[in-house]
Amino acid sequence: MGNVTDISEQRPHLTVQGKEAVHILPVSLIRDVAEGKKCITEIDYWEDFLPAILSDYLKGFDP
């Protein structure tokens, strides 16, 4: 079995399947990025999960 991490203090959170790994992202962290309080590049492994978030977002715009 892999490592077990208590994420109870990170709720609510999003689970994002990146290119290389699954990422657990607190909603508060995503909100901070959206509000300009934090830069996406300050988050570890952002290059892995950001394409999945943007792809999901764009699904709403596909004809």
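(A) Main features of the nonpolar core. With five residues, the main nonpolar core is built from Val 16, Leu 25, Leu 29, Ile 43 and Phe 49. Contact partners of Phe 49, with chain neighbours within four places excluded, come to Val 16, Gly 18, His 23, Leu 25, Ile 40, Ile 43 and Asp 44.

(B) Representation of the side chain of His 23. One can find His 23 in strand β2 (residues 22-26). At 2.5 Å, the side chain of His 23 and the side chain of Asp 48 are in polar contact. Residues within four places of His 23 in sequence aside, it is in contact with Leu 14, Thr 15, Val 16, Gly 18, Tyr 45, Asp 48 and Phe 49.

(C) Up close: the pairing of β2. Both strand β1 (residues 13-17) and β2 contribute to a ladder of five bridges, which runs antiparallel. By the bridge assignment for β2, Gln 17 is matched with Val 22. Taking the residues that link successive antiparallel strands as the turn, the β1-β2 hairpin has four residues.

(D) Spatial organisation of unusual backbone geometry. Of note in the backbone geometry, Tyr 45 takes a positive phi value of approximately 65° without being a glycine. Tracing the sequence through the fold places Tyr 45 in the loop between α1 (27-34) and α2 (46-58). Here Tyr 45 falls in the exposed class, since its relative accessible area comes to 61%.

(E) Fine view of the packing of aromatic side chains. Counted by the stated rule, this structure contains one aromatic pair. Between Tyr 57 and Phe 61, the aromatic rings sit 5.4 Å apart at their centres with planes inclined by 55°, giving tilted as the arrangement. Both residues of the pair, Tyr 57 and Phe 61, count as exposed.

What counts and what doesn't
- Residues numbered from 1 in each chain as written.
- Predicted model: local features only at pLDDT ≥ 70, side-chain atom pairs only at ≥ 80, totals over all residues.
- Heavy atoms only, no water.
- Core = buried A, V, L, I, M, F, W, Y, C linked by side-chain atoms within 4.5 Å.
- Buried < 20%, exposed > 50% of the residue type's maximum accessible area, 1.4 Å probe, protein only.
- Contact = heavy atoms within 4.5 Å.
- Helix = DSSP H or I, 4+ residues; strand = E, 2+ residues; numbered from the N terminus.
- Polar contact = N/O pair within 3.5 Å; in protein donor to acceptor, adjacent residues only side chain to side chain.
- Pairing = 2+ DSSP bridges.
- Phe/Tyr/Trp six-rings, centres within 6.5 Å; stacked < 30°, edge-to-face > 60°.

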